Amino acid sequence: MQDEFNPSLPDFNNPTQLVKKHSRSRSPERRPYTRNPYSDNPLKIPKNFIKLQDGKGSVLIPSLAGGLLSFKQFMEMQHSPIPLSEAQGFYNDYKLKFEQKHLEIFFAEHKNEPWFIEKYDPIVSQKWQEERNLNAKMMQRIFIENVKNSKFQGLKLQDTGIAPDGLSGAPYFGFDPNSLTLFLKAIPTNVSRWEILDVLKNCLGFLSLSMSEPLKSQNFARFAWVLFDSEAHCLEGLQTLCGKQVTQDFRLSPILSRTSSSKNIKSQPPTDTIENDLKLSGQLITTLDREKGIYENPLLITPEQFSELPLIEKELQLDYQLLYLRKIHSFCYYCVEEYDDERMLTAKCGIAHVRGKYDINAKTFTDPRIETRILNSGSFKNYDKDTDEILSKKLKEFEDRYTVQEEENKFRCDLCKKLFRGSEFIKKHLAVRHVDEVNGVVKERMENIMLERYLNDPCKITNPVILANDTMKFSERRKWEPRKMNNESYEDLDDPARRNARRKIVDYSDI
Ligand SMILES: [Zn+2]
Ligand SMILES: [Zn+2]
């Protein structure tokens, strides 16, 4: 899949590509369409046939364009009966192909957009990761300093029933999404993170830029937040950034951040002992630190040191570890979710996620995803273009394709027809004179990696699957528009009311 994928997708709207010749006895003229739910418009549904192995009839495989048929609809459109034992297999196969095609179409539509490239392009996503790693190192130094200087006095990530004074103060030391922050709305899909950063880096007191996931309901536009180091710089930024040109057709129009949605505090049911939480959160810290190139952490203590502490200090040690996971790694220990930054964590989890009191009679429950996360560390390999064997094979093929030997010591570049004494000169010539063509080979390889990464991403964004519906002429609708809210089985995963839901590929098992 990774290597053979051809980015130019066939036209699924063109019935002639998919309809195979079929016998006269199955021809539409001779069959009444009363059982077909699309009888109002049969010609718009290209079909495919698979001959049954015993030669007695064929299975009609619906087109992958339009909506997904339910098993019932799939069976209703068959002209001849299929043994039920085989029907489910054919249907599953159709469903799988439909889903795959859906993802490939989404990929083709978005692969050139910055948000998609930032996420999946091996080189660009790495560049961004490296920036996040640098940021984590800086944040770690600040955090450790703050612990030493007792800046977290009164920290308690436990359900106390006392209302916190302010979002970023004791006892939770959460993240205040409005403090020193400008909000940028509707950043179009063709604007990259770095284009915005280029403008922001000239602002006095600029600290960081945070961007949302693309919003499907807003044509994949993104929101962004700009953090400053002081009130004065924030207000100054508001003035200087207003109307600032980022790209030819996009100007900034910042406003002061006024989010009201992140004040919630989640709480966990009680568990039996503190030891387990301390051990796992410590292991998580080590794991996540290493992934970001942090190899020392003075915050962590040994199990022996821990066992000597009185309970109240044990709890404080755990609180520091949990707060560290939130602030440095944007990771909520109890949700077992990690985000791009603390702002996103706050938006999705809340300003704090507190535990119940430890109770020896309570059940121990450890979320298995924590151990999975610890064990799977390091499985993400850095991409290195120079050691990418598939890429060097492709480049070699490219060189061979355009190197034509005419005589001994006489080689022609087949792109510009220039002659050379040796094939090694053509290699250099191609690299210098035919940069665009060489880049085309590299780009194709990068796209293959992007597709592979996209397909393997468990949280990937995709368009909701349109279900074929008897009462709806789906061929008349815009093909990939999100379904309307009145369609009962459509869920908008970007809906803020569902902000804890992870995006999953649509599961069709309910139809
Ligand atoms: Zn949480
Ligand atoms: Zn040439």
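Labelled according to an unreviewed UniProt entry, the protein chain appears under the name C2H2-type domain-containing protein, originating from Stentor coeruleus. In its Sequence similarities (unreviewed entry) section, the UniProt entry covering the protein chain states "Belongs to the ARS2 family." According to the UniProt record, the Subcellular location (unreviewed entry) comment for the protein chain reads "Nucleus".

1. Structural notes on the overall build of the protein chain
Of regular secondary structure, the protein chain possesses 15 helices and 15 strands. Expressed as a percentage of its 511 residues, the buried residues of the protein chain come to 45%. Contacts spanning at least 24 positions in sequence make up 65% of the contacts within the protein chain whose residues lie at least 6 apart. Carbon and sulfur atoms provide 52% of the accessible area of the protein chain, an area that totals close to 28,300 Å².

2. Quick look at the sheet that holds strand S3 (residues 181-187)
In spatial order, the strands read S4-S5-S3-S8; together these four strands make up an open sheet with antiparallel pairing. Pairing within the sheet leaves two strands with one partner each, and these edge strands are strand S4 (206-211) and strand S8 (255-256). Of the pairings in the sheet, the one linking S4 to strand S5 (residues 222-228) comprises five bridges and is antiparallel in character. By the bridge assignment for S5, Ser-210 is matched with Trp-225. Packing of helix H6 (residues 193-200) onto the sheet brings it into contact with S3, S4 and S5, and relative to S4 it is tilted by some 155°. Where helix H7 (residues 231-241) meets the sheet, it contacts S3, S5 and S8, and its direction lies at approximately 30° from that of S3.

3. A look at the coordination of the zinc ion (ligand 2)
At the metal site, the zinc ion (ligand 2) is ligated by Cys-413 (SG), Cys-416 (SG), His-429 (NE2) and His-434 (NE2), and these contacts range over 2.0 to 2.3 Å. Of note is the zinc ion (ligand 2), whose four donor atoms meet at the metal with angles of 99 to 121° in an arrangement that counts as tetrahedral. The exposure class assigned to His-429 is buried, which follows from its relative accessible area of 8%.

4. Quick notes on the coordination of the zinc ion (ligand 1)
Surrounding the zinc ion (ligand 1) are the protein donor atoms Cys-332 (SG), Cys-335 (SG), Cys-349 (SG) and His-353 (ND1), at 2.1 to 2.3 Å. Taken together, the four donor atoms surrounding the zinc ion (ligand 1) define angles of 100 to 116° at the centre, an arrangement classified as tetrahedral. Donor residues for the zinc ion (ligand 1) sit on one chain with the sequence pattern C-x2-C-x13-C-x3-H. Residue Cys-335 is found in the loop between strand S10 (331-332) and strand S11 (337-338), and its partner Cys-349 is found in the loop between helix H11 (342-348) and strand S12 (352-354); the two are separated by 14 residues along the sequence.

5. Focus: the environment of Thr-364
Mapped onto the elements, Thr-364 comes out in the loop between S12 and helix H12 (368-375). Overall, the relative accessible area of 42% leaves Thr-364 in the partly exposed class. Through-space distance from the C-alpha of Thr-364 to that of Thr-273 is 7.7 Å; in sequence the pair is 91 residues apart. Excluding residues within four positions of it along the chain, Thr-364 makes contact with Asp-272 and Asn-276.

6. So, the UniProt feature "domain: C2H2-type" (unreviewed entry) in the protein chain
Following the UniProt record, one finds the feature "domain: C2H2-type" (unreviewed entry) at residues 411-439. In the segment residues 411-439, helix accounts for 55% and strand for 17%; the C-alpha atoms at its two ends are 23 Å apart.

7. A look at the sheet that holds strand S13 (residues 403-407)
Paired through backbone hydrogen bonds, the strands of a sheet run either parallel or antiparallel to each other. Across the sheet, which stays open at both edges, the three strands sit in the order S13-S14-S15 with antiparallel pairing between neighbours. Lying at the two open borders of the sheet, with one neighbouring strand each, are S13 and strand S15 (419-420). Those strands touched by helix H14 (residues 423-433) are S13, strand S14 (410-413) and S15, and its axis lies near 20° from that of S14.

8. A closer look at unusual backbone geometry
Note that the residue after Ala-170, namely Pro-171, is joined by a cis bond; omega there is 0°. With respect to the helices and strands, Pro-171 occurs in the loop between helix H5 (122-148) and S3. The phi torsion at Asn-409 lies on the positive side, around 60°, for a residue other than glycine. Along the polypeptide, Asn-409 turns up in the loop between S13 and S14.

9. Quick word on the nonpolar core
Counting residues in each nonpolar core, the largest one holds 40 residues, and the members touching the most others are Phe-143, Phe-152 and Tyr-333. Elements represented by at least two residues in this core include exactly H5, helix H8 (275-291), helix H10 (311-329), S10, S12 and H12. It is H10 that provides the largest number of residues to this core, a total of seven residues. Not counting chain neighbours up to four residues away, the residues in contact with Tyr-333 comprise Asn-276, Asp-277, Leu-280, Ser-281, Leu-284, Leu-322, Leu-325 and Ile-370. Counting 22 residues, the second largest nonpolar core, distinct from the first, contains Ile-187, Ile-196, Val-226 and Leu-241.

10. Describing H12
Taken together, the buried positions of H12 are occupied by Ile-370, Arg-373 and Ile-374. The buried side chains of H12 occupy one side of the element, clustering within an arc of 100° when seen end-on. Relative to its buried face, H12 has exposed residues pointing more than 90 degrees away, namely Pro-368 and Leu-375.

11. Topic: the pairing of S13
Taken together, the four bridges between S13 and S14 define a ladder with antiparallel strand orientation. When the sheet's bridge partners are listed, Glu-407 is paired in S14 with Lys-410. In this antiparallel pair of consecutive strands, S13 and S14, the connection spans two residues, and Asn-409 shows a positive phi of 60°.

12. Regarding the packing of aromatic side chains
In total, this model carries 23 aromatic pairs according to the counting rule given. Arranged with centres 5.6 Å apart and planes meeting at 80°, the rings of Tyr-120 and Tyr-454 form a pair that is edge-to-face. Placement of Tyr-120 in helix H4 (residues 114-120) and of Tyr-454 in helix H15 (residues 435-456) is noted, with a sequence separation of 334 residues between them. Judged by relative accessible area, Tyr-120 falls into the buried class, the value being 4%. Using a relative accessible area of 1% as the deciding quantity, one classes Tyr-454 as buried. Here Tyr-333 and Tyr-334 contribute two aromatic rings whose centre-to-centre distance is 5.2 Å and whose plane-to-plane angle is 75°, an arrangement assigned as edge-to-face. Owing to a relative accessible area of 5%, Tyr-333 belongs among the buried residues under this scheme. Classification of Tyr-334 as buried rests on a relative accessible area of 14%. One cation-aromatic arrangement involves Lys-127 over Trp-194; the distance from NZ or CZ to the ring centre is 4.2 Å.

What counts, and where the lines are drawn
- Residues numbered from 1 in each chain as written.
- Chains lettered and ligands numbered in written order.
- Predicted model: local features only at pLDDT ≥ 70, side-chain atom pairs only at ≥ 80, totals over all residues.
- Heavy atoms only, no water.
- UniProt positions renumbered as here; feature names shortened; annotations may be inferred.
- Helix = DSSP H or I, 4+ residues; strand = E, 2+ residues; numbered from the N terminus.
- Buried < 20%, exposed > 50% of the residue type's maximum accessible area, 1.4 Å probe, protein only.
- Contact = heavy atoms within 4.5 Å.
- Areas by Shrake-Rupley, 256 points an atom, 1.4 Å probe, with all protein chains shown as cover.
- Pairing = 2+ DSSP bridges.
- Axes fitted to C-alpha atoms, helices over the stretch in contact; angles between N-to-C directions.
- Donors = N, O, S within 2.8 Å, 3.2 Å for Na, K, Ca; no water.
- Tetrahedral: all angles 85-135°; square planar, octahedral: opposite > 155°, others 65-115°.
- Core = buried A, V, L, I, M, F, W, Y, C linked by side-chain atoms within 4.5 Å.
- Arc of directions from axis to C-beta.
- Phe/Tyr/Trp six-rings, centres within 6.5 Å; stacked < 30°, edge-to-face > 60°.
- Lys NZ or Arg CZ within 6 Å of the ring centre and 35° of its normal.

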